[in-house]
Amino acid sequence: MRAAILHAVGNDKLDIRDDVALAPVGPADVRVRIRATGVCHSDLSAISGVLPQPVPLVPGHEGAGEIVEVGEHVTSLQPGDHVVINWRPACQECDLCLGGQPYLCLKFVIESFSKGNFRFGGDGATAFGLAGCGTWAEEIVVPWQGAIKIDPEVSWEAAALIGCGITTGVGAAINTAKVRPGSTAAVIGCGGVGLSVIQGARVSGARVILAVDPLESKHALAKKVGATHAVTPEQVPNAVNELTGGSGFDYGFEVVGKAATIQSAWQITRQGGDVIVVGAGAADDMVSISAFSLLFEGKNLLSSVYGEADVRHDFPYFAKLHKAGQLDLESMISARIRLGDLNDAVEALRNGEVLRQIVLMD
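Residues numbered from 1 in each chain as written. Predicted model: local features only at pLDDT ≥ 70, side-chain atom pairs only at ≥ 80, totals over all residues. Heavy atoms only, no water.

The next point concerns the nonpolar core. By size, the foremost hydrophobic cluster in this structure holds 97 residues, and its most contacted members are W136, I166, L195, I198 and F253. In terms of residue count, the dominant contributor to this core is helix α4 (residues 156-177) (eleven residues). Setting aside anything within four residues of it in sequence, one finds L195 in contact with C190, L221, A222, V225, M332 and L355. Counting 15 residues, the second largest nonpolar core, distinct from the first, contains I188, V236, A239 and W266. (Core = buried A, V, L, I, M, F, W, Y, C linked by side-chain atoms within 4.5 Å. Buried < 20%, exposed > 50% of the residue type's maximum accessible area, 1.4 Å probe, protein only. Helix = DSSP H or I, 4+ residues; strand = E, 2+ residues; numbered from the N terminus. Contact = heavy atoms within 4.5 Å.)

Glancing now at the pairing of strand β19 (residues 356-360). Burial runs high along β19: five of the five residues are buried. One ladder, built from four bridges, connects strand β18 (residues 333-337) with β19; its direction is parallel. Looking at the pairing, R336 lines up with I358 of β19. (Pairing = 2+ DSSP bridges.)

Now for the packing of aromatic side chains. Taken as a whole and assessed by the stated rule, the structure comprises five aromatic pairs. Taking 4.6 Å as the distance between ring centres and 45° as the angle between the ring planes, the aromatic pair formed by F118 and F128 counts as tilted. Of this pair, F118 sits in the loop between α3 (107-112) and β8 (120-122) while F128 sits in strand β9 (residues 128-129), and the two are ten residues apart along the sequence. The class for F118 is partly exposed, based on a relative accessible area of 29%. Taken together, a centroid distance of 5.7 Å and an interplanar angle of 45° make the contact between Y317 and F318 tilted. Judged by its relative accessible area of 31%, Y317 is partly exposed. One residue, K107, lies across the ring of F108, its end atom 5.6 Å from the ring centre. (Phe/Tyr/Trp six-rings, centres within 6.5 Å; stacked < 30°, edge-to-face > 60°. Lys NZ or Arg CZ within 6 Å of the ring centre and 35° of its normal.)

Here is the structure:
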């Protein structure tokens, strides 16, 4: 089968090959034929080394497809089921899972990176899968917890977006921040996840939603999916005064993954407000907030990993919101491409030219 392989961190080009084989399907695994997969900024971060991953590596973690084979111990899925790939599968047995934080479970991710535990093989093409997935391939093998059944009426493109960008962003607003009706929110970064945060804030009933992005070309789409206002970073001080009377926003979402933008989100959030970090940053990018400010301004600094989602509930829920017209997923797709176009797609993402490119498999 075809797959795109990263041989070394920082490589400019992926090796797109036709001779890649899959690992065997274990008793608790499923094999999925990928029908659509997104080109997410986290994939770029893995390619560049910002998000540590072992190599050789098949990137891709935002995907959807059809079950073609199940292991002998799998009872909840069967061939023909439409599924969304869950890149953070929960074991459903550890303290985190049982305590209501399945999005923090690392059991399967760690196991997938164990020495010699390759997801892909073949003549000279042995490789790991990003986050244990590797959806930039025609087929993948994942634990059954990594494939969540979804309504077959949902398009493959929409299902793929639900697998990461939508769940991460909408979940940050609904699950982490618990945005209140009538409140105000600012969203720094209007890529695919940032636009999803905006949609989550809109669905939650926020009265004012400010989109902040240096590329004015992204402002119109931000408003289309729910932002009430859109500005560049230089225009933020005036927006804070105009929209909040200078007091700051109830919620400040950072969806870039940089210390500087986290500090910006802190500065534009009101006393007692919530600052939610959604962007995936580098391990050596340190955030500086004074101890005085941290205590006496009463703000809450929150992280939102995978939208704090329990995907067993949230994937189908977001699909229902989409079918009801509450989540606009089509507008977030900037291009539909083929697997052979991935090198160009990565370069376009690196240059900040696109939102979500979706790879459609034949």
